[in-house]
Amino acid sequence: MAMSLFSRGTYGLLFTYVIFVSHFCNGFYLPGSYMHTYSTRDEIYAKVNSLTSIETELPFSYYSLPYCTPPGGIKKSAENLGELLMGDQIDNSPYRFRMNVNESVFLCTTRPLSEHEVKLLKQRTHDLYQVNMILDNLPAMRFAYQNGHKVQWTGFPIGYSPPNIDDVYIINHLKFKVFIHEYEGTGVQILGTGEEGMGVISSADDEKKASGYEIVGFEVSPCSVKYDPEKMAKLHQYDEVSPVSCPLDLDKAQVVREQERVSFTYEVEFVKSDTKWPSRWDAYLKMEGARVHWFSILNSLMVIFFLAGIVFVIFLRTVRRDLTRYEELDKESQAQMNEELSGWKLVVGDVFREPNHSKLLCVMIGDGVQIMGMAVVTIIFAALGFMSPASRGMLLTGMIILYLFLGTGAGYAGVYFYRIIKGTSEGWRSLSWSIACFFPGIVFVILTILNFLLWGNKSSGAIPLSLYFKLISLWFFISVPLTLIGGFLATRAEPLQYPVRTNQIAREIPARKYPSWLLVLGAGTLPFGTLFIELFFILSSIWLGRFYYVFGFLLVVLLLLVIVCAEVSVVLTYMHLCVEDWQWWWKAFYASGSVALYVFLYSINYLVFELQSLSGPVSAILYMGYSLIIAVAIMLSTGTIGFVTSFYFVHYLFSSVKID
């Protein structure tokens, strides 16, 4: 009673504190929604991200190649946790634009190329590395023609190597097109955040300053031009040069060879556009084959709803008929029927017997609750527009923060089921520690192995040691204490009581014609059918550099996946009980968790057939390592859904039948 009063008082104080603090919080902007306006001749500097390739998946720093450096030296931009983990390295660049001023500019002439620089340029060119440039938070877009179709890319290649020719030609001249929209700030209030911080326009003077131009598009056309190094050496950075028409002849292009000096130039043209600032990302978020994408998902949803509906209706009718027939019998008939019982009623004395490795099961349930909670909340926020593509790394950062703070739910769920199974709360601390360490430990081991590979290849995608310590600190000081708090709260909760007693001697399970694991593995095909189409687009966005922003459909698919996992696991549990197999605990978990196996196999299929250009064992190991992390996370989350649903179904089923 005293503990109950203490808990109520604690929750009351916590609620009062949250209400009090909320009065001092203002939430008036969405991430990435800050609009920057420029006046004529305002200077804007482009930024450069890591060099990336779909052939190797190993990012490298832009300045690892002999490019021109900014006048004030190289400075890294502030990066969030997600950007660092994704291998982004955003630096300043010497590319300067003056608003509404069309010009052709000289940047620099390199020193004679060394043997190492030539080898590096040729290697990066053959591996199809791209330069990723950013202006006003918009990536540079390039258009090319393939097989008569106009194809949209972000970034531009380092160079090119014509077929049947050994020479490599470097891209040293860029033609930029900056699309601008004239903005009038009178009577308009802008609230939001951007790359440089937060902007609030409230006074009349500020509103006048807001009048000007906003950048709504950024295109680049790369080409290779051979300059006279002696003539170009007399020029200084940002001196004007004559506009260049991109040569079609290879003898007029800049070849990469030792002792060759490369001159870099660029042109910029400002084009007025009717596109408004809120719509400027639409050009990037257009997905190829959109109609196929929508119809495929709708078709998948209808098929899965249809199958799940049939399974659920048949299942409900079967169970309800069994229960109704049994409850309608009088006591003598029930006693006679008890002697002739068959199916799930025979295992009444064993159905709640403690499973093998019960502690591990509770650990996996706790981690599954944490991962599923993180996924649901992240996708809801993304579907509502909070995870803007303009905020690089925000999605991954949000997922990590949510995972850390959902440790309370993980500890509570794991310890709660542990108390139900064991009948005691003894050992809850070690269980909470195991929950806090299990999934992060798997991820840590895999990431460490992959990180050694990235360090060995001198990739900018390698996680720095300082970030390792930050991540471990976040885990130790946030996730672990919250998991322990969740476990403590679970020891104070009233556990669910079993509706029937467990016999002292275990019942023998009858032999079957086929192994039960075959049915468990086959059950994962139905949940996999709900997500394999979305999985293709998600993998394409991760490994082919495409934008993925249909989170509304992803949310629908996730909800559908939860429903199907629950139904499949319940049906399979009922089938096992009907054949007098009372060891249903782990089978209920893996019935829905086996979808992870199909996800991993599909990832291998995607590697073989869609990423044929992926070169080298290091790239393949990186791909398989990240795919394994995703598969483990899916197994824990979907397995938890199936187990929890099956547990409450079994509890309800046996609490509805009067068997002595």
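Up top is the structure.
J.: How do you make sense of the sheet that holds strand E2 (residues 91–98) when you look at a structure like this?
T.: Backbone hydrogen bonds hold the strands of a sheet together, and the pairing may be parallel or antiparallel. Strand order in this open sheet of four strands is E2-E1-E5-E6, and the pairing throughout is antiparallel. Each edge of the sheet is formed by a strand with only one pairing partner; in this case those strands are E2 and strand E6 (138–139). The pairing of strand E1 (residues 43–48) with E2 spans five bridges and is antiparallel. Each residue of the ladder has a partner; that of Val48, found in E2, is Asp91.

J.: Got a minute to help me understand a nonpolar patch on the surface in this structure?
T.: Residues Tyr514, Trp517, Leu518, Leu521, Leu597 and Leu601 make up a contiguous nonpolar surface patch of roughly 580 Å² in combined accessible area. Listing elements by their share of the nonpolar patch, those giving two or more residues are helix H14 (516–523) and helix H18 (595–609). Among the elements that line the nonpolar patch, the one with the most residues is H14, at three residues.

J.: What is the right way to look at the packing of helix H11 (residues 407–422) against helix H12 (residues 428–456) in this model?
T.: Between H11 and H12, the shortest axis-to-axis distance is 9 Å and the interhelical angle comes to 135°. Taken as axis vectors, H11 and H12 run oblique relative to one another. For the crossing formed where H11 meets H12, the hand is right-handed. Between H11 and H12, the residues in contact are Ala410, Gly411, Gly414, Val415 and Tyr418 and Trp428, Leu431, Ser432 and Ile435, respectively. When grouped by side-chain class, the residues that make up the contact of H11 with H12 number six nonpolar, three polar and no charged.

J.: Please clarify how the pattern of salt bridges should be interpreted in this entry.
T.: Pairing of side chains with opposite charge becomes possible as their charged atoms draw close. Under the counting rule described, the total for this entry stands at eleven salt bridges. Note that Arg96 is salt-bridged to Glu43, the shortest N-O span being 3.8 Å. Of this pair, Arg96 sits in strand E2 while Glu43 sits in strand E1; the two residues are 53 residues apart in sequence, bridging distant segments of the chain. Given the relative accessible area of 10%, Arg96 is considered buried. Across the pair Glu354 and Lys422 runs a salt bridge whose closest N-O atoms are separated by 2.9 Å.

J.: Even after reading the chapter, I still don't get the packing of helix H15 (residues 525–543) against H18, so can you show me in this structure?
T.: The packing of two helices is summarised by the inter-axis angle and the distance between the axes. Orientation of H15 relative to H18, taken along the N-to-C sense of each, is 35°, at an axis distance of 10 Å. In the crossing of H15 with H18, the sense of the turn from one axis to the other is right-handed. On H18, the residues that touch Thr525, Pro527, Phe528, Leu531, Phe532, Leu535, Phe536, Leu539 and Ser540 of H15 are Val595, Tyr598, Val599, Tyr602 and Tyr606. For the contact of H15 with H18, the class distribution of residues is twelve nonpolar, two polar and no charged.

What counts, and at which threshold
Residues numbered from 1 in each chain as written. Predicted model: local features only at pLDDT ≥ 70, side-chain atom pairs only at ≥ 80, totals over all residues. Heavy atoms only, no water. Pairing = 2+ DSSP bridges. Helix = DSSP H or I, 4+ residues; strand = E, 2+ residues; numbered from the N terminus. Patch = residues over 30% accessible without salt bridge, like charges linked within 9 Å, V, L, I, M, F, W, Y side chains within 5 Å. Areas by Shrake-Rupley, 256 points an atom, 1.4 Å probe, with all protein chains shown as cover. Salt bridge = Lys/Arg side-chain N within 4 Å of Asp/Glu carboxyl O. Axes fitted to C-alpha atoms, helices over the stretch in contact; angles between N-to-C directions. Parallel < 35°, antiparallel > 145°, perpendicular 65-115°, else oblique. Left-handed = near helix turned anticlockwise from the far one by under 90°. Contact = heavy atoms within 4.5 Å. Nonpolar A, V, L, I, M, F, W, Y, C, P; charged D, E, K, R; others polar. Buried < 20%, exposed > 50% of the residue type's maximum accessible area, 1.4 Å probe, protein only.

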